Amino acid sequence: MSSLSRELVFLILQFLEEEKFKESVHRLEQESGFFFNMKYFEEKVHAGEWDEVEKYLSGFTKVDDNRYSMKIFFEIRKQKYLEALDRQDKAKAVEILVNDLKVFSTFNEDLYKEITQLLTLGNFRENEQLSKYGDTKTARNIMLLELKKLIEANPLFREKLVFPTLKSSRLRTLINQSLNWQHQLCKNPRPNPDIKTLFTDHTCIPPNGAIAPTPVNLPTATVAKPAAYTPLGAHGQPFPPTAAVGNANALAGWMANAAAASSSVQAAVVTASSLPMPPNQGSILKRPITPPAPLGMVEYHNADHEQLMKRLRPLPPVEEVTYPTIRHQPSWSIDDLPRAVALTLNQGSTVSSLDFHPSLHALLLVGCTNGDITLWEAGMREKLVSKPFKIWEMQTCTLTFQAAAAKDAPFSVTRATWSPDGAFCGAAFSKHLIHLYQYVGPNDLRQHLEIEAHAGAVNDIAFAHPAKQLCVVTCGDDKLIKVWDMNGRKLFNFEGHEAPVYSICPHQKENIQFIFSTAMDGKIKAWLYDNVGSRVDYDAPGHWCTTMLYSADGSRLFSCGTGKDGDSFLVEWNESEGAIKRTYTGFRKKSAGVIQFDTTKNHFLAVGEDSQIKFWDMDNVAILTTTDADGGLPNIPRLRFNAEGNLLAVSTADNGIKILANASGMRSLRSVEPQTFEALRSPLEAAAIKVSGSNVGNVTPVSCKVERTSPIRPSPTINGVESMARNMEKPRATEDGNDVMKPWQLTELVDPTHCRAVTMPDSTDASNKVARLLYTNSGVGILALGSNGTQKLWKWVRNEQNPSGKATASVTPQHWQPNSGLLMTNDISGVNLEEAFPCIALSKNDSYVMSAAGGKVSLFNMMTFKVMTTFMPPPPASSFLAFHPQDNNIIAIGMEDSTIHIYNVRVDEVKSKLKGHQKRITGLAFSTNLNILVSSGADAQIFIWSIDTWEKRNSVPIQLPAGKAPSGDTRVQFHSDQFRLLVAHETQLAIYDASKMERIRQWVPQEPLSAPITCAAYSCNSQLVFASFGDGNIGIFDADTLRLRCRLAPHAYMSQAAMSGGQAVTPVVVAAHPQEPNQFAVGLADGTVKVIEPIESDGKWGTSPPADNGVLNSRPGSSSAASNHAPDQVHR
């Protein structure tokens, strides 16, 4: 429903309230779902009218919409059930139990059983948890307080709890204004008009000729309130600010601006001869404009609309129409096409969507089939940001979506795109969701909004500007097109397609905004931003999946797609006739999938097909030229031009991206200037940067090749240092020769005021050091496994201090336990805890945790802490656990005897036993992209196993210092790209290309971090590595280079008591927050758990070190060691 139609509902609600139509008011509130009347809801709850309470609620939410809705309905039905028990009406109680409460048993069977058992009690207050239940009135009051909190927190009630501020009798005022306006436009207005009906437009019957128009004071009896007429324009929008007098110039001016004032209010019929006017207004008033249609049924009867309707008018199927074309000598040449390969970017996962920034012409947004969103600066070959797919707010999603999210099929990006101004980007996913990010500068892509947009896949996303307001348009498998504002409010819901909607193309012609949509049955429809329905309906060639695009200047419309039989089509449309103007030739007989295309420079079309890029001149149906981009393209590559048309991004078969360029593009890539980002920096940030380009002054020139066959270039680098040739490059000259580039300095945080840290309550226990540490996948809690086999859970609550409810160092969480008081304690009977190796793993939906501490493996319910089952009793004991990423019933269990058991929980059976290591297993990591399991052991070996056959593919030893015997834990973790592998050992951090098991980076302890490494982990976006050390220090490293960017000293986060104790307290484990890239948690040897973040003014951990760190505090920097050593020699 349009915003004006929505406002009309509020006016009607006000009118009904003023006229005392009480029941009608509340029925309209419920049926429209626009305003939730909390006062009425409270009255019905206090009265115990439960059927009416639920009926009223049903207009706004259903039981399974989200967790808040479920809790609301549960509390109401539970209260109804308890009241029946209190009346000793067991029959009614059973009816409520079966009909109303049974639905909740699916989600919490134990609770349902407990509620059922109340029937067996003489007085349900005998139940301990209900012992304080008072009388019915008090219980309803307590419940109502809880319900109000749930309703206010429920996103479905957002902006529906406050009635808009209106002047009294606003609808009557508008009617008076309309009648007065109609009287003004009478050809023969009478001083005292006789208005007897609102059903037809008012006209005065002239007794003897025309009378000059005069203002009208309507009689009180005409429209009862208000008695005095309010002048036109007094109430602002949607009416223009003009006086309600018979002034020809003012009226003509209003007529001229009528379309701009409101798309729902049209001018009445006025001819050029009816009123005197200035000459320049004659053209405006010559064309009759029809009277207004009802609100919501908008008719754009003006010149723009008539022309648009001609363009969009559907015609019966006709033969292809051809038109004679006046041929001009082209002002372009074939060399203008970007066809030469300038560079290759190694994405690491299959690319599904590409889009260049509209003004930063080398900034590339990439969406992948594994759900990742990545930002590349092509000129610098730098991956600025990588956002692995995460559900930001699972608790606000519908239960239907939560069920879909738990299924095996991963989330993939169906489309990633920039807003027209480049301030936002959006991603549509293969299940229900879209994500919107705000782009505020290099390396800074901030979460803005998550919307559960469609049931099933969201097939396309685009930005538009209806009414000069930035909006998001989406389409999906549910056959709908939806328009959202940037706060997540749904503005329009377009229905009419009979098949899943495949693509959308918002556009503007003159001042008319509209949307083209195409469905998977080949139907093309066009929509205005109203609720009238589709304006056109015709068929695309191939009758299947089609995409539509306009040329850069918006003058020419093209579509490209593939039919179910594999035939591909690229056509230009004649908008005036709704017919195909020309069909381009040159496609292979059958395509294996749906082809993609793009346009550039108002001259060229490009299509990815048959492992090459095909180009056409828009005015010629024959292929202009082709390129295979030096080979390596998939059968149907993704492609995208930048706004300048001098770069073309193309996806590759080995999960990379090739950037093709023309001569202009090559020059732009060579001269990438950091100031291209300055426009997006805040004034404070911009002022802080004295030297333009200081952060990227020594960018490697374009001639530096990137390995095509692997996601990462496998050139060994020790402590952030590569070859002498790369480090000896001269910095790029600055524009101001007087500016001197400052040497980079390591950020060292040595004081508690230098960071934010919060200690988990009840965590310190000197006899129970933290053995393992995990964040919940939702990011709202932390789970610690102690050396004594007991697990503790801390959760953050949503409140004013912490509106997101996520883990934060700014708020102390709760030590969470179920009402039963149960502890999550592992079976340790007969276990020597000093020799045990506790291990833990958490299911993807945070419902179950699996752990062991030298004894059997236990599976715990995270809500009740109850043990669901136990398995794998020792010997041998388990030493590491990992859920299969695509099947929670499959678990990889590393054992103390060096074997790995692939265990199926459902059938209680070991499916495979993997052998190869010589000592206990210390790490396991899955890569779905490579289809492998990586294992590491205390033997300092890394093994690669096939997930399909569980056969060994490869093994490599980690390189230990001379004389160092293989021992200690070796941990492994995959980068978000699922190709790079972080390996952590007490002697080193290393990055491997897992596709080849080649080491490409290594860092070894040295000043100022010379103690053994105790643990390390990637940040959630894989841009940082957090590492803890045996002397209490914590290092934060750049993940791509393993260059140290920040050192956190023990005094900065440990208490004075811990520092001054008799025994040194050291960080044992570290864990990264799943959504906040700069937040991590550490577990200490005294049992303490801390969450640590940068101070809010910094927002991040130090700055990224350049290729040559220069001088650090007058001593060689930790990343500036000499680089002329052999590739595999460990440098200290």
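Every chain is numbered on its own, with residues counted from 1 as its sequence reads. In keeping with the predicted nature of the model, local features appear solely for residues at pLDDT of at least 70, side-chain atom pairs appear and are counted solely at 80 or more, and the whole-chain, interface and lining totals rest on all residues. Only hydrogens and water are removed before side-chain values are computed, so all heavy atoms of the structure are retained for them.

1. Observations regarding the overall build of the protein chain
- A run of DSSP states H or I qualifies as a helix once it reaches four residues; a run of E qualifies as a strand once it reaches two. Both are numbered from the N-terminal end. Helix and strand counts for the protein chain come out as 19 helices and 60 strands.
- Partly exposed describes any residue whose relative accessible area lies between the buried limit of under 20% and the exposed limit of over 50%, with all areas from a 1.4 Å probe on protein chains only and scaled to the type maximum. Looking at the protein chain as a whole, 54% of its 1132 residues are labelled buried.
- Contacts spanning at least 24 positions in sequence make up 55% of the contacts within the protein chain whose residues lie at least 6 apart. Any two residues whose heavy atoms approach within 4.5 Å at even a single point are treated as in contact.

2. Overview of the packing of aromatic side chains
- When two rings of Phe, Tyr or Trp (its six-membered ring) have centres within 6.5 Å they constitute a pair, described as stacked for plane angles under 30 degrees, edge-to-face for angles over 60, and tilted for the intermediate range. All told, the structure shown has 32 aromatic pairs when counted by the stated rule.
- A centroid spacing of 5.3 Å and a plane angle of 20 degrees characterise the contact between phenylalanine 494 and tryptophan 527, whose relative ring orientation is stacked. Residue phenylalanine 494 is found in strand S13 (residues 490-494), and its partner tryptophan 527 is found in strand S16 (residues 523-528); the two are separated by 33 residues along the sequence. Tryptophan 527 carries the same exposure label as phenylalanine 494, and that label is buried.
- Note on phenylalanine 514 and phenylalanine 516: the rings are 5.6 Å apart at their centroids and 90 degrees apart in plane angle, and the pair reads as edge-to-face. Comparing phenylalanine 514 with phenylalanine 516 shows no difference in burial state: the two are buried.
- Among the aromatic residues, those joined into a cluster by ring pairs are Phe36, Tyr40, Phe41, Tyr56, Phe60 and Phe157.
- Here, over-ring charges are defined by two tests on the NZ atom of lysine or the CZ atom of arginine: distance to the ring centre within 6 Å, and angle to the ring normal within 35 degrees. Above the plane of the ring of tryptophan 816 lies lysine 795, whose end atom (NZ or CZ) is 4.3 Å from the centre.
- Against the face of phenylalanine 837 rests arginine 920, its NZ or CZ located 3.7 Å from the ring centre.

3. Section: the nonpolar core
- For our purposes a nonpolar core is just a set of buried Ala, Val, Leu, Ile, Met, Phe, Trp, Tyr and Cys residues, chained together by side-chain atoms within 4.5 Å. Core analysis: the biggest nonpolar cluster contains 41 residues, and Phe36, Phe41, Leu57, Tyr81 and Leu101 have the highest contact counts within it.
- Considering each element in turn, this core owes the most residues, 10 residues, to helix H5 (residues 67-86).
- In this view, phenylalanine 36 contacts Phe41, Tyr56, Leu57, Phe60, Ile151, Phe157, Lys160 and Leu161; residues no more than four positions away in its chain are not counted.
- If you look at the next biggest cluster of nonpolar residues, it comprises 40 residues, including Leu749, Met1054, Val1070 and Leu1084.

4. Side note on the confidence of the model for the protein chain
- Along the chain, pLDDT gives the predictor's confidence residue by residue, from 0 to 100. Per-residue pLDDT for the protein chain averages 79, and the proportion of residues at 70 or more is 80%.
- Long-range and interchain partners of residues 209-330, a stretch whose pLDDT sits below 50, account for 198 contacts in this model, where long-range means more than four residues apart.
- For residues 673-715, every residue scores under 50 in pLDDT, and the model assigns this stretch 98 contacts once sequence neighbours within four places are set aside.

5. Describing the environment of arginine 1047
- On the secondary structure map, arginine 1047 appears in strand S55 (residues 1044-1048).
- Along the backbone, arginine 1047 and valine 750 are 297 residues apart, and their C-alpha atoms lie at a distance of 8.3 Å.
- Residues contacting arginine 1047, with those up to four places away along its chain left out, are Leu746, Thr747, Glu748, Leu749, Val750, Pro1008, Leu1009, Asn1033 and Ile1034.
- Any N or O atom pair separated by 3.5 Å or less is treated as a polar contact, with the protein-specific requirement of one donor-capable and one acceptor-capable atom, and with residues adjacent in sequence counted only for side-chain atom pairs. Polar contacts involving the side chain of arginine 1047 include one to the side chain of glutamate 748, which spans 2.6 Å.

6. A word on the sheet that holds strand S15 (residues 512-519)
- Reading across from one edge, S14-S15-S16-S17 is the order of the four strands in this open sheet, with antiparallel pairing throughout. Looking at strand neighbours, the two that pair on one side only are strand S14 (501-509) and strand S17 (536-539), the edges of this open sheet. The sheet shows a mean angle of 20 degrees between the axes of neighbouring strands, taken without regard to direction.
- Between any two strands, at least two bridges found by DSSP are needed for them to pair. Note that S16 and S17 share four bridges and pair antiparallel. The partner of lysine 525 across the bridge, within S17, is aspartate 537. To define axes, lines are fitted to C-alpha atoms, for helices over the stretch in contact only, and angles between the resulting N-to-C directions are given on a 0 to 180 degree scale.

7. Brief notes about the sheet that holds strand S36 (residues 839-842)
- Read across the open sheet, the four strands follow the order S36-S37-S38-S39; overall the sheet is antiparallel. Taken across any chain shown, the strands that pair with only one partner, and hence form the sheet edges, are S36 and strand S39 (867-871). Averaged over neighbouring strand pairs, the angle between their axes works out to 15 degrees when direction is ignored.

8. Notes on a negative patch on the surface
- Note that patches include only residues with greater than 30% relative accessible area and no salt bridge, and the join distances are 9 Å for like charges and 5 Å for nonpolar side chains (Val, Leu, Ile, Met, Phe, Trp, Tyr). We get accessible surface area from the Shrake-Rupley algorithm with a probe of 1.4 Å; when it comes to residues, only the shown protein chains can shield them. Within this document, salt bridges are pairs made up of a side-chain nitrogen of Lys or Arg and a carboxyl oxygen of Asp or Glu, the two lying within 4 Å of each other. Two residue types count as positive, namely Lys and Arg, and two as negative, namely Asp and Glu; His and chain ends fall outside the count. A single reference atom marks each charge: NZ on Lys, CZ on Arg, CG on Asp, CD on Glu. The grouping of Glu834, Glu835, Glu896 and Asp897 at the surface amounts to a negative patch.
- With respect to the helices and strands, the residue glutamate 834 is situated in the loop between strand S35 (824-825) and S36.

9. So, the pairing of strand S47 (residues 952-957)
- As defined by bridge partners, strand S46 (residues 941-946) adjoins S47 across five bridges and the pair is classed as antiparallel. Within S47, the position partnered with glutamine 941 by the bridge is proline 957.
- The antiparallel pairing of S46 with S47 creates a hairpin that spans five residues between the two strands, and tryptophan 950 there sits at a positive phi of about 60 degrees.

10. Section: the packing of helix H1 (residues 3-18) against helix H9 (residues 170-184)
- Running from amino to carboxyl end, H1 crosses H9 at an angle of 115 degrees, the nearest separation of the two axes being 8 Å. On the basis of the axis angle, H1 is roughly perpendicular to H9. From H1, Leu8, Leu11, Gln14 and Phe15 reach across to H9, where they touch Arg170, Leu171, Arg172 and Leu174.
- Think of it as three bins: nonpolar holds Ala, Val, Leu, Ile, Met, Phe, Trp, Tyr, Cys and Pro, charged holds Asp, Glu, Lys and Arg, and polar takes everything else, Gly as well. In the contact of H1 with H9, the residues fall into five nonpolar, one polar and two charged. Angles below 35 degrees are treated as roughly parallel, those above 145 as roughly antiparallel, those between 65 and 115 as roughly perpendicular, and all remaining angles as oblique.

11. Focus: unusual backbone geometry
- For the bond from proline 875 to proline 876, the omega torsion is -10 degrees, close enough to zero to count as cis.
- Non-glycine residue asparagine 602 carries a positive phi angle of around 60 degrees.
- Asparagine 602 sits in the partly exposed class, given a relative accessible area of 29%.
- The backbone of glutamine 978 shows a phi angle near 65 degrees, a positive value even though the residue is not glycine.
- With respect to the element layout, glutamine 978 can be found in the loop between strand S48 (971-974) and strand S49 (980-985).

12. Description of H5
- When the terminal C-alpha atoms of H5 are compared, their 28 Å separation across 20 residues agrees well with the 28 Å that a helix rising 1.5 Å per residue should span.
- Burial of H5 is extensive: 16 of the 20 residues sit out of reach of the surface.
- The opening residue of H5 is asparagine 66, an N-cap whose side-chain oxygen sits 3.0 Å from the backbone nitrogen of tyrosine 68.
- Two residues or fewer past H5, glutamine 88 is found with a positive phi of approximately 65 degrees. The span one expects for a helix is its residue count, reduced by one, times 1.5 Å.

13. Quick notes on the side chain of asparagine 655
- One can find asparagine 655 in the loop between strand S27 (647-651) and strand S28 (657-661).
- Beyond its immediate sequence surroundings of up to four residues, asparagine 655 is in contact with Asn346, Gln347, Gly348, Ser349, Thr350 and Phe979.

14. Some thoughts on the pattern of salt bridges
- Throughout the structure, instances matching the rule amount to 38 salt bridges.
- Here lysine 866 ties to aspartate 110 by a salt bridge, and the two come within 3.8 Å at their closest N and O atoms. Placement of lysine 866 in the loop between strand S38 (857-861) and S39 and of aspartate 110 in helix H7 (residues 109-117) is noted, with a sequence separation of 756 residues between them.
- Judged by its relative accessible area of 41%, lysine 866 is partly exposed.
- In this structure, aspartate 460 and arginine 415 form a salt bridge, with 2.7 Å as the shortest nitrogen-oxygen distance. Taken as a pair, aspartate 460 in strand S10 (residues 458-464) and arginine 415 in strand S6 (residues 413-418) lie far apart in primary sequence, 45 residues in all.

15. Digging into the environment of glutamate 896
- When you line up the elements, glutamate 896 lands in the loop between strand S41 (887-895) and strand S42 (900-904).
- Sequence-distant contacts of glutamate 896, defined by excluding residues within four places in its chain, comprise Glu835, Phe837, Ala877, Ser879 and Arg920.

16. Observations regarding the packing of H5 against helix H6 (residues 90-101)
- Interhelical geometry of H5 versus H6 gives an angle of 165 degrees and a closest axis separation of 8 Å. The orientation of H5 relative to H6 falls into the category roughly antiparallel. The chirality of how H5 crosses H6 is left-handed. Where H5 abuts H6, its residues Phe74, Arg77, Lys78, Lys80, Tyr81, Ala84 and Leu85 lie against Lys90, Lys92, Ala93, Ile96, Leu97, Asp100 and Leu101.
- Classifying every residue of the contact of H5 with H6 gives eight nonpolar, no polar and six charged. Left-handed describes a crossing whose near helix is turned anticlockwise from the far helix through less than a right angle; right-handed describes the clockwise counterpart.

17. Structural notes on the environment of lysine 90
- For lysine 90, the location among the structural elements is in helix H6.
- Sequence-wise, lysine 90 and threonine 120 are 30 residues apart; in three dimensions their C-alpha atoms are separated by 9.9 Å.
- When near neighbours in sequence (up to four residues on either side) are disregarded, lysine 90 contacts Leu85, Leu119 and Leu121.
- For lysine 90, the side chain forms a polar contact with the main-chain oxygen of leucine 119, separated by 3.1 Å.

18. Some thoughts on the pairing of strand S45 (residues 932-937)
- Taken across its six residues, S45 has six buried, putting it largely inside the fold.
- The alternating pattern of S45 places Ile932, Val934 and Ser936 on one face and Leu933, Ser935 and Gly937 on the opposite face, and all of these are buried.
- Hairpin geometry of strand S44 (residues 921-927) and S45 is characterised by an intervening segment of four residues between the two adjacent antiparallel strands and by a positive phi of about 60 degrees at asparagine 931.
- The sheet contact formed by S45 and S46 spans five bridges and is antiparallel. Directly across from valine 934, in S46, lies its bridge partner isoleucine 944.
- Counted between consecutive antiparallel strands, the loop separating S45 from S46 contains three residues, among which alanine 940 sits at a positive phi close to 60 degrees.

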